[in-house]
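Chain by chain, the residues run as shown.
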Amino acid sequence: MVYEVVYDDPHGNPMLAFADGQWFDVTSFAPRPVSVRHALRRDPAWSGAVVQTICLWMRSNPNHERSFDLATELALAVGELARQRR
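Residues numbered from 1 in each chain as written. Predicted model: local features only at pLDDT ≥ 70, side-chain atom pairs only at ≥ 80, totals over all residues. Heavy atoms only, no water.

**Student:** Give me the lowdown on the packing of helix α2 (residues 47-60) against helix α3 (residues 65-84), citing residues and values where you can.
**Tutor:** The description of two helices packed together rests on the angle between their axes and the distance between the axes. Two numbers describe how α2 lies on α3: the axes approach to 10 Å, and their chain directions differ by 150 degrees. Regarding the angle of α2 to α3, the classification is roughly antiparallel. Crossing hand, α2 versus α3: left-handed. Contacts between α2 and α3 involve V51, I54, C55, W57 and M58 from the first element and R66, S67, L70, A71 and L74 from the second. (Axes fitted to C-alpha atoms, helices over the stretch in contact; angles between N-to-C directions. Helix = DSSP H or I, 4+ residues; strand = E, 2+ residues; numbered from the N terminus. Parallel < 35°, antiparallel > 145°, perpendicular 65-115°, else oblique. Left-handed = near helix turned anticlockwise from the far one by under 90°. Contact = heavy atoms within 4.5 Å.)

So, in structure tokens, the structure goes:
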């Protein structure tokens, strides 16, 4: 699969990848789709970049059915993370 974005762990190994509105955990042999929540929590150092990637993709693909799902996932994940910080 060709990814639009790939984020590395602190050792330079691929960790998260994004393609066609979907995040993937690429730490194992077979990449697996993951939620926005998982992508945000995978490595907090990348959380801002994860949000930016989502927003840029939704902006570039406003009519794609995945855009609404991503917006919903992002809103729910941010709400959950904000509640945990209290």
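This is not the end of the story, as more comes after the structure.
**Student:** Please set out the pairing of strand β1 (residues 5-8) residue by residue, giving values where relevant.
**Tutor:** Note that β1 and strand β2 (residues 14-19) share four bridges and pair antiparallel. Within the sheet, the bridge partner assigned to D8 lies in β2 and is P14. In this antiparallel pair of consecutive strands, β1 and β2, the connection spans five residues, and G12 shows a positive phi of 90 degrees. (Pairing = 2+ DSSP bridges.)

**Student:** Can you explain the side chain of R66? Please cite residues and give values.
**Tutor:** With respect to the helices, strands and loops of the structure, R66 is situated in helix α3. Relative accessible area serves as the criterion here: at 14%, R66 is assigned to the buried category. A polar contact is formed between the side chain of R66 and the backbone oxygen of G21, at a distance of 2.6 Å. The residues touching R66, leaving out its near neighbours within four places in the chain, are D20, G21, Q22, W57 and E73. (Buried < 20%, exposed > 50% of the residue type's maximum accessible area, 1.4 Å probe, protein only. Polar contact = N/O pair within 3.5 Å; in protein donor to acceptor, adjacent residues only side chain to side chain.)

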